[in-house]
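The chain contents come next:
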Amino acid sequence: MFQANFQGSLFTAYYSGGSRPLENWSIQCKYGELKQVLDDVIKSNVLQIQSLNVNACCITCPVDPKGSLGIRMPFLTLLVKNLGQYFTFEITILDSENIRRRLRLSNYHSTTKKSTFMITMPICMDDGWNQLNLKLAEITSFSFKTTYVETVRLQVHANCRLRRIYFSNQQYKDDQLPNVYRMHRIAVLREKPKSMLKKKAGTVEKKPTANKS
């Protein structure tokens, strides 16, 4: 899908502020609700995915089930809001053995489970907005003893609010990223009281990350 695109150092797979954010995504929502909402914290439109059954409502890229994203960058970042409910997402990767493997992460599993073609891992999320950082090459090596080649597919399930999904060639600090990619903008908005409006800087919250083991 994106094999022929110049991917540079950052490549966005989803951005809620775009004119057609779901242009390259398919929607499956048999039970639940999927809609654009204005988030009261970041004051911007985001995608809200909600369902009592996490597997009954999701978005998937690419649309073609036989297609591939073809993104070779080994770092994946999601800006998502914890809604205090079960949440899961899945990445399909292609490895050096030319095998598609699935990485499934959720906030309701407590242990890591591995099989030949899939690993399920728990993630720890704070209240409100989170930045989830995944080292795809490390996870592939640890889980399957193979080398990461590219990301084939992304699938984001209920329950969350989604701001951005992007790939990068390395894990960047906030001050190395363009403003629209920075998590600290969300953190400062969330915690800044009125007395800080005249101050030049606010405290940046520690970014939660996905558990890699």
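Caption draft 1: Representation of unusual backbone geometry in the model. Here the amide bond leading from Cys 61 into Pro 62 is cis, since omega sits at 5 degrees, within 30 degrees of zero. In this model, Ala 158 is joined to Asn 159 through a cis peptide bond whose omega is 5 degrees. Within the secondary structure, Asn 159 sits in the loop between β12 (148-157) and β13 (160-168). The phi torsion at Lys 43 lies on the positive side, around 55 degrees, for a residue other than glycine. Looking at the secondary structure, you find Lys 43 in the loop between β3 (33-39) and β4 (44-50). Overall, the relative accessible area of 62% leaves Lys 43 in the exposed class. The phi dihedral of Lys 145 is positive, around 60 degrees, even though this residue is not glycine. Within the secondary structure layout, Lys 145 lies in the loop between α1 (136-144) and β12. Judged by its relative accessible area of 66%, Lys 145 falls in the exposed class.

Caption draft 2: Layout of the packing of aromatic side chains. Overall, the coordinates contain four aromatic pairs when judged by the stated rule. Arranged with centres 5.0 Å apart and planes meeting at 50 degrees, the rings of Tyr 86 and Tyr 108 form a pair that is tilted. Taken together, the positions of Tyr 86 in the loop between β6 (75-82) and β7 (88-95) and Tyr 108 in the loop between β8 (100-106) and β9 (113-114) put the pair 22 residues apart, joining distant regions of the chain. When its relative accessible area of 55% is taken as the criterion, Tyr 86 is described as exposed. Over the face of the ring belonging to Phe 142 we find Lys 114, whose NZ or CZ atom lies 4.5 Å from the ring centre. Here the guanidinium or amino end of Arg 164 rests over the ring plane of Tyr 15, the centre of that ring lying 4.0 Å away.

Caption draft 3: Representation of the sheet that holds β9 in the model. A sheet is described by the order of its strands in space; here seven strands give the open sequence β2-β5-β12-β7-β8-β10-β9, paired in mixed fashion. Both outer strands of the open sheet, β2 (26-29) and β9, are each paired with one neighbouring strand and no more. Here β2 runs beside strand β5 (residues 57-61); their pairing, made up of four bridges, is antiparallel. Bridge pairing in β5 places Ser 26 opposite Thr 60.

Caption draft 4: Up close: the side chain of Arg 164. As for its position among the elements, Arg 164 is in strand β13. For the buried Arg 164, no salt bridge exists, and the shortest N-O distance to an oppositely charged side chain is 11 Å, to Asp 174. In contact with Arg 164, not counting residues within four places along its chain, are Thr 12, Tyr 14, Tyr 15, Thr 77, Leu 78, Leu 79, Val 180 and Tyr 181.

Caption draft 5: Representation of the pairing of β8 in the model. Burial analysis of β8 places five of its seven residues in the buried class, which makes it a mostly covered element. What sits between β7 and β8 in their antiparallel hairpin is a turn of four residues, with Asn 98 showing a positive phi close to 60 degrees. Here β8 runs beside strand β10 (residues 118-122); their pairing, made up of five bridges, is parallel. If you follow Leu 103 over to β10, its bridge partner there is Ile 119.

Conventions and cut-offs
Residues numbered from 1 in each chain as written. Predicted model: local features only at pLDDT ≥ 70, side-chain atom pairs only at ≥ 80, totals over all residues. Heavy atoms only, no water. Helix = DSSP H or I, 4+ residues; strand = E, 2+ residues; numbered from the N terminus. Buried < 20%, exposed > 50% of the residue type's maximum accessible area, 1.4 Å probe, protein only. Phe/Tyr/Trp six-rings, centres within 6.5 Å; stacked < 30°, edge-to-face > 60°. Lys NZ or Arg CZ within 6 Å of the ring centre and 35° of its normal. Pairing = 2+ DSSP bridges. Lys, Arg positive; Asp, Glu negative; His and termini not counted. Salt bridge = Lys/Arg side-chain N within 4 Å of Asp/Glu carboxyl O. Contact = heavy atoms within 4.5 Å.

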